[in-house]
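Notes for the structure review
Chain by chain, the residues run as shown.
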Amino acid sequence: MKITHIEHLGIAVKSLETAIPYYEEVLGLKCYAIEEVAEQKVKTAFFQVGQTKIELLESTDPEGPVGKFIEKKGEGIHHLAFAAEGLQSSLDFLAEKGVTLIDKSPRKGAEGLNIAFLHPKSTFGVLTELCEKPGCC
Ligand code: CMX
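Keep in mind it's a predicted model, so treat the numbers as computed, not measured.

1. Let's talk about the site of the ligand
Taken together, 18 residues surround the ligand, and among them Q40, E55, K68, H78 and K121 come closest. Side-chain polar atom of E55 to an oxygen atom of the ligand: 3.1 Å apart, as the coordinates give it. Contacts to the ligand include H78, whose backbone N or O atom sits 2.9 Å from a nitrogen atom. Protein contacts shield 73% of the accessible area of the ligand, which totals 960 Å² for the unbound molecule. Among the elements of the structure, β4 (52-59), α2 (65-73) and β5 (76-85) are those that each provide at least two residues to the shell around the ligand. For the shell around the ligand, the element with the most residues is α2, which contributes six residues.

2. A look at the environment of E129
Considering the arrangement of structural elements, one finds E129 in strand β8 (residues 128-132). For the pair E129 and E17, spaced 112 residues apart in sequence, the C-alpha to C-alpha distance is 25 Å. With residues near it in sequence (within four places) discarded, E129 still touches H8, H79, L80, A81, F82, I115, A116 and F117. A polar contact of 3.0 Å, which involves the side chain of E129, links it to the side chain of H79.

3. Observations concerning α2
Along α2, the residues that are buried comprise V66, G67, F69 and I70. Summarising the axial view, the buried residues of α2 lie within an arc of 165°, below the 170-degree limit, and thus occupy one face. Summarising the geometry of α2, the exposed residues directed more than 90 degrees from the buried face are E71 and K72. Check the buried side of α2 and you find it contacts β1 (2-13), β3 (42-49), β4 and β5. G74 sits one or two residues past α2 and shows a positive phi near 85°.

The rules we used
- Residues numbered from 1 in each chain as written.
- Predicted model: local features only at pLDDT ≥ 70, side-chain atom pairs only at ≥ 80, totals over all residues.
- Heavy atoms only, no water.
- Near = heavy atom within 4 Å.
- Polar contact = N/O pair within 3.5 Å; in protein donor to acceptor, adjacent residues only side chain to side chain.
- Areas by Shrake-Rupley, 256 points an atom, 1.4 Å probe, with all protein chains shown as cover.
- Helix = DSSP H or I, 4+ residues; strand = E, 2+ residues; numbered from the N terminus.
- Contact = heavy atoms within 4.5 Å.
- Buried < 20%, exposed > 50% of the residue type's maximum accessible area, 1.4 Å probe, protein only.
- Arc of directions from axis to C-beta.

Next up, the structure:
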């Protein structure tokens, strides 16, 4: 298993429209993409900070993962995403180590990345995502 860097931090917000001006006008970052991920019931907005991105997540459905998260916990950090080389072999390794996989094999996420989530109950309370660029490794 090889993690190379933190790919992004996912932050749940009630509204992209009201959160984006804080990131742009106060923090001075630039929103370079807005993308809906219908399968995940979210609309996302991305900001680059060095090698890492901030991914703002607005729910498009109260029953989706981010809708349920905001209902329970309010706005805030939703998940931590690592860039990992060899996604399927990393998942196999993690399963062997007893980590509960939400995704047993990679699927498509925002920005065309292959992604997979690990269950927060087996990662010390942090919903963890592994990402890999398609075609890599
Ligand atoms: N971080 C930490 N804990 C979380 C969590 C999160 N983001 N989301 C849920 N939990 C906890 C809940 O607090 C709850 O804990 P308790 O049992 O102690 O109360 C437990 O997990 C179960 O939560 P739930 O609200 O009943 O939700 P579900 O079990 O239905 O789903 C999860 C939880 C993590 C399996 C689901 O949210 C999931 O599959 N997430 C992965 C996909 C995702 O988050 N997509 C959105 C981002 C997409 C993108 O980045 O493109």
